[in-house]
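Observations on the three-dimensional arrangement
The chain contents come next:
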Amino acid sequence: PLDKEKLGHYSWSLLHTIAAKYPEKPSSLVQKEMKDFFAIFSNIYPCELCAHDFREELRRDPVDATSQEQLSQWLCRIHNKVNLKLGKDLFDCSKVNERWRDGWSD
Ligand code: FAD
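Residues numbered from 1 in each chain as written. Predicted model: local features only at pLDDT ≥ 70, side-chain atom pairs only at ≥ 80, totals over all residues.

**Structural notes on the overall build of the chain**
The secondary structure content of the chain amounts to 5 helices and 0 strands. Along the chain, from the amino end to the carboxyl end, the secondary structure elements read α-α-α-α-α. For 106 residues, the compact-globule estimate of 2.2 N^0.38 gives 13 Å, and the chain sits close to it at 14 Å. Its C-alpha atoms give the chain principal-axis dimensions of roughly 35 × 35 × 25 Å. Within the span of the chain, comprising 106 residues, buried residues form 11% of the whole. A fraction of 50% describes how many contacts in the chain between residues 6 or more apart in sequence connect residues 24 or more apart. (Helix = DSSP H or I, 4+ residues; strand = E, 2+ residues; numbered from the N terminus. Rg over C-alpha atoms; globule rule 2.2 N^0.38 Å. Buried ≥ 20, exposed ≤ 12 C-beta atoms within 10 Å, placed from the backbone. Contact = placed C-beta atoms within 7 Å.)

**Section: the site of the ligand**
Taken together, 22 residues form the shell around the ligand, and within it Gly8, Cys50, Cys76, His79 and Phe91 come nearest. Elements that contribute at least two residues to the shell around the ligand include exactly helix 1 (4-20), helix 3 (48-60), helix 4 (68-86) and helix 5 (96-102). Per-element accounting of the shell around the ligand gives the leading share, 7 residues, to helix 1. Taken together, the residues of the shell around the ligand sort by class into 10 nonpolar, 7 polar and 5 charged. (Near = placed C-beta within 6 Å. Nonpolar A, V, L, I, M, F, W, Y, C, P; charged D, E, K, R; others polar.)

**So, the nonpolar core**
Counting residues in hydrophobic clusters, the biggest one holds 10 residues: Ala19, Tyr22, Met34, Phe38, Ala65, Leu71, Leu75, Cys76, Val96 and Trp100. Where this core is concerned, the elements lending two or more residues are helix 2 (28-44), helix 4 and helix 5. Take this core: its biggest share by element is 3 residues, from helix 4. Ignoring any residue separated from it by four or fewer positions in sequence, one finds Ala19 in contact with Leu71, Ser72 and Leu75. (Core = buried A, V, L, I, M, F, W, Y, C linked by C-beta atoms within 7 Å.)

**Some points on the packing of helix 2 against helix 3**
Relative orientation and spacing of two packed helices are given, respectively, by the angle between their axes and the distance between those axes. Relative to each other, helix 2 and helix 3 sit at 150°, their axes nearing to 7 Å. Taken together, the axis directions place helix 2 and helix 3 in an arrangement best described as roughly antiparallel. Regarding helix 2 and helix 3, the two cross each other, and that crossing is left-handed. On the side of helix 2, the interface is formed by Phe38, Ser42 and Asn43, while helix 3 contributes Ala51, Phe54, Arg55 and Leu58. In terms of residue class, the contact of helix 2 with helix 3 is made up of 4 nonpolar, 2 polar and 1 charged. (Axes fitted to C-alpha atoms, helices over the stretch in contact; angles between N-to-C directions. Parallel < 35°, antiparallel > 145°, perpendicular 65-115°, else oblique. Left-handed = near helix turned anticlockwise from the far one by under 90°.)

**Some remarks on the environment of Lys85**
Looking at the element boundaries, Lys85 is found in helix 4. Between the C-alpha atom of Lys85 and that of Glu24, which follows or precedes it by 61 residues, the distance is 31 Å.

**Quick look at the packing of helix 1 against helix 4**
Taken N-terminus to C-terminus, the directions of helix 1 and helix 4 make an angle of 160°; their axes are 8 Å apart at the nearest point. With respect to each other, helix 1 and helix 4 are oriented roughly antiparallel. Crossing geometry of helix 1 relative to helix 4 is assigned as left-handed. Judged by residue contacts, Trp12, Leu15, His16, Ala19 and Ala20 of helix 1 engage Leu71, Ser72, Leu75 and His79 from helix 4. Here the residues of the contact of helix 1 with helix 4 sort into 6 nonpolar, 3 polar and no charged.

Given below as structure tokens:
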């Protein structure tokens, strides 16, 4: 079975990649699907405490699915809250597309 760290690493990779490929101008249906996806994800994420805190965070800072930029920045913010909680370094959100969409330039 996957431990919490590996599960987390793979999950963030999937989520940031979904945000990286999200449309610039999503229809209202596509925006709704993305919000529903995160609501369901936060119910089924297979780490109970993580999922519980994630649901609380979603209530405090709801999904912004209005564009690729907004969704990626929102997810970066949410991930940084988890980084903070775990005592990890915060990620510079101005670099999120470089990391997850375009690839590092160095
Ligand atoms: P990860 O945090 O997994 O990050 C993977 C890569 O993403 C990094 O190497 C970096 O390149 C990049 N990155 C880092 N921060 C950002 C950011 N803000 N924006 C964009 N890219 C970034 N673990 C717990 O112990 N307790 C919890 O409550 C908990 N809650 C979680 C909730 C969710 C929704 C998820 C998906 C995971 C959660 N985890 C939790 C797991 C935890 O966040 C890490 O995934 C795990 O500790 C492994 O960390 P890592 O150092 O490999 O990097």
